[in-house]
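The lines below spell out each chain.
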Amino acid sequence: MVLFPIAVLSQNVEHYSYGYEGIERIYRKNDSVILFCNSRARPYIKDVVIDTIMKRYQLGRIKSGEIVIQLNDAKVFGIIEITKGKEKSKSVTIIYEKVEYKNGLIEIYIKPKKQLKK
């Protein structure tokens, strides 16, 4: 009889209602400016995610809508918003929805509950 070991990774789901928001990179090309921004970002992977988005944008492989970004130790699910600004400026924002880490941790964004003022 041959037995094969089966490894089962336990998944730990955590919800969060906070995250890093802001401009990460500014890209200038000729006379135009493109701002790359994060919304609801997880601090330990935000730089790698924004670098991946910049590379895809420069190659013309990014558009508004849902996106999945595979990193070495995580998979990021989110939404890309490309907004035209004044004159020759644009902003490219990734809004994090969910992050699945290879260690089994899953982080899911939930809207914060409004607190009633007394």
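Residues numbered from 1 in each chain as written. Predicted model: local features only at pLDDT ≥ 70, side-chain atom pairs only at ≥ 80, totals over all residues. Heavy atoms only, no water.

### Here we look at the nonpolar core
Considering soluble globular proteins, one finds that nonpolar side chains tend to be buried as a cluster. Core analysis: the largest hydrophobic core is formed by 24 residues, its most contacted members being Val49, Ile53, Val76, Ile94 and Tyr96. Elements supplying a minimum of two residues to this core: β3 (32-41), α1 (46-58), β4 (65-70), β5 (74-84), β6 (89-101) and β7 (105-109). Look past the residues within four positions of Val49 in its chain and what remains in contact with it is Ile69, Leu71, Val76, Ile94 and Tyr96. (Core = buried A, V, L, I, M, F, W, Y, C linked by side-chain atoms within 4.5 Å. Buried < 20%, exposed > 50% of the residue type's maximum accessible area, 1.4 Å probe, protein only. Helix = DSSP H or I, 4+ residues; strand = E, 2+ residues; numbered from the N terminus. Contact = heavy atoms within 4.5 Å.)

### So, the pairing of strand β2 (residues 20-29)
Each regular strand displays side chains that alternate between the two surfaces of the sheet. As paired strands, β2 and β3 are joined by eight bridges and run antiparallel to one another. Note that in β3 the partner of Arg25 across the bridge is Phe36. If you look at the hairpin formed by β2 and β3, you'll find two residues sitting between the two strands, and Asn30 has a positive phi there, around 55°. (Pairing = 2+ DSSP bridges.)

### Regarding the side chain of Thr93
With respect to the helices and strands, Thr93 occurs in strand β6. Contacts of Thr93, omitting those with residues within four sequence positions, involve Cys37, Asn38, Ser39, Ile79, Ile80 and Glu81.

### Looking at the environment of Ile26
Examined against the element boundaries, Ile26 turns out to sit in strand β2. Ile26 sits 65 residues away from Ser91 along the chain, and the two C-alpha atoms are 9.2 Å apart. Sequence-distant contacts of Ile26, that is, excluding residues within four places in its chain, are made with Val33, Ile34 and Leu35.

### Regarding the confidence of the model for the protein chain
Of all residues in the protein chain, 88% have pLDDT values of 70 or greater, and the mean over the chain is 88. Counting interchain partners and residues more than four positions distant, the pLDDT-below-50 stretch residues 2-8 has zero contacts. (pLDDT = per-residue confidence, 0-100.)

### Details of the pattern of salt bridges
Oppositely charged side chains are able to pair whenever their charged atoms sit close together. Scanning the model with the defined rule gives nine salt bridges in all. For Glu107, the salt bridge identified is with Arg42, shortest N-O distance 2.9 Å. On the criterion of sequence distance, the pair formed by Glu107 in strand β7 and Arg42 in the loop between β3 and α1 is long-range, its members being 65 residues apart. Here Glu107 matches Arg42 in class, with each residue buried. It is possible to trace a salt-bridge network through shared partners that takes in Glu24, Arg25, Lys46, Asp47 and Asp51. (Salt bridge = Lys/Arg side-chain N within 4 Å of Asp/Glu carboxyl O.)

### Quick word on the pairing of β7
Of all five residues in β7, four are buried, a share of seventy percent or more. Note: strand β1 (residues 12-16) against β7, five bridges, orientation parallel. Opposite Asn12, over in β7, you have Leu105 as the bridge partner. Here β6 pairs with β7 via three bridges, running antiparallel. Bridging from a neighbouring strand, Lys98 pairs with Ile108 of β7. Hairpin geometry of β6 and β7 is characterised by an intervening segment of three residues between the two adjacent antiparallel strands and by a positive phi of about 100° at Gly104.

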